Amino acid sequence: MTLPLLYTYRRCPFAMRARMALLQAVVAFQAHEVSLRDKPPAMLALSPKGTVPVLVMPSGAVLEQSLDIMRWAFEQTGDADHWWASAQTAKNMAWQQACDGPFKHHLDRYKYPQRFADAMTREHHFQQAVAVLLGPLEQPLHTQPQLGGVSPCAADIGIFPFVRQFAAVDPERFKALPLPAVKAWLAGWLESGLFAEAMRKPAL
Ligand SMILES: N[C@@H](CCC(=O)N[C@@H](CS)C(=O)NCC(=O)O)C(=O)O
């Protein structure tokens, strides 16, 4: 094995952000698309927790958290464009934590209500997802196009795949939200070349 090997799942937002960081940093890697229902034994042997993404270095070292893979990717080029550094401000770290913590919690229960024994309604989780992340994000994205400022940073690609997932549950409902800056930011990322490249179907 000469290139780092990324165990990935195309539609997983954690894996999307890892792939986008590797592509943005122009770090060559080999991708292994996995089935979450039938995970490769080689991946489970290296990372028994069984989530993707997992990055295996030629040295055998393993990174099994998407944010660690992103940091590693940007470090390989000395973070030349400051994508990682700009994501490490107190504000951007707080956005990332709000995304991965409370927003993801409500997103999962809004998207997959049947998977959770939950006393709260789907509507509650929709409203809370807006309250903990999307509503508050409107203000910074109203004054600057990206969380990185004029240019994007790792927080932009770290967060938008989850907002994409939220929007896709009920696109009409998302479209009706009074959050023009968040919607424009998401639309920009969905149309970006980086996202298109990260979502390219693996060759069969
Ligand atoms: N904290 C992990 C979370 C990764 C994660 O939860 N990935 C999901 C897919 S989106 C997964 O692999 N779930 C395991 C499964 O569904 O069996 C990270 O940031 O990489």
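Everything quoted here is computed from the prediction, not taken from an experiment.

Some thoughts on the site of the ligand
Then comes step 1: The immediate surroundings of the ligand are formed by Tyr9, Cys12, Phe14, Leu36, Gly50, Thr51, Val52, Pro53, Gln65, Ser66 and Leu67.
Then comes step 2: Counted by class, the shell around the ligand contains seven nonpolar, four polar and no charged residues.

As for unusual backbone geometry
Excluding glycine, residues mostly carry a negative phi; peptide bonds, for their part, are mostly trans.
Then comes step 1: Here the amide bond leading from Val52 into Pro53 is cis, since omega sits at 5°, within 30 degrees of zero.
Then comes step 2: Here Pro53 is to be found in the loop between helix 2 (41-46) and strand 3 (54-56).
Then comes step 3: In this model, Asp79 sits at a positive phi of 50°, which is unusual for a non-glycine residue.
Then comes step 4: Along the polypeptide, Asp79 turns up in the loop between helix 3 (66-75) and helix 4 (90-111).
Then comes step 5: Asp79 sits in the partly exposed class, given 18 other C-beta atoms within 10 Å.

Topic: the domain arrangement of the protein chain
Then comes step 1: When the domains of the protein chain are assigned, the result is domain 1 (5-80) and domain 2 (85-193).
Then comes step 2: Between domain 1 and domain 2, the C-alpha centre-to-centre distance is 22 Å.
Then comes step 3: Sorting the residues of the side of domain 1 that touches domain 2 by element identifies helix 1 (13-24) and helix 3 as the ones contributing at least two each.
Then comes step 4: In terms of residue count, the dominant contributor to the side of domain 1 that touches domain 2 is helix 1 (five residues).
Then comes step 5: By residue class, the composition of the side of domain 1 that touches domain 2 is seven nonpolar, no polar and two charged.

Quick look at the pairing of strand 2 (residues 30-33)
Then comes step 1: Sheet topology places strand 1 (residues 5-8) next to strand 2; four bridges connect them, and they run parallel. Looking at the pairing, Tyr7 lines up with His32 of strand 2.

Side note on helix 1
Then comes step 1: Taking 1.5 Å of rise per residue, the twelve residues of helix 1 would be expected to cover 16 Å, and the 16 Å separating its terminal C-alpha atoms lies within 8% of that figure.
Then comes step 2: A large share of helix 1 lies buried, amounting to eleven of its twelve residues.
Then comes step 3: Each element contacted by the buried residues of helix 1 is listed here: strand 1, helix 3, helix 6 (154-169) and helix 9 (193-198).

Thoughts on the nonpolar core
Then comes step 1: In terms of nonpolar packing, the biggest core is built from 56 residues, with Ala21, Ala129 and Ala154 touching the most fellow members.
Then comes step 2: When residues of this core are traced back to their parent elements, those giving at least two are strand 1, helix 1, strand 3, helix 3, helix 4, helix 5 (122-143), helix 6 and helix 8 (180-190).
Then comes step 3: If one sorts the elements of this core by residue count, helix 6 sits on top with nine residues.
Then comes step 4: In contact with Ala154, other than residues within four places in its own chain, are Ala21, Met70, Phe74, Trp83, Trp84 and Ala87.

Rules behind the numbers
- Residues numbered from 1 in each chain as written.
- Predicted model: local features only at pLDDT ≥ 70, side-chain atom pairs only at ≥ 80, totals over all residues.
- Near = placed C-beta within 6 Å.
- Nonpolar A, V, L, I, M, F, W, Y, C, P; charged D, E, K, R; others polar.
- Helix = DSSP H or I, 4+ residues; strand = E, 2+ residues; numbered from the N terminus.
- Buried ≥ 20, exposed ≤ 12 C-beta atoms within 10 Å, placed from the backbone.
- Domains from an automatic or database assignment.
- Pairing = 2+ DSSP bridges.
- Expected span 1.5 Å × (residues − 1).
- Contact = placed C-beta atoms within 7 Å.
- Core = buried A, V, L, I, M, F, W, Y, C linked by C-beta atoms within 7 Å.

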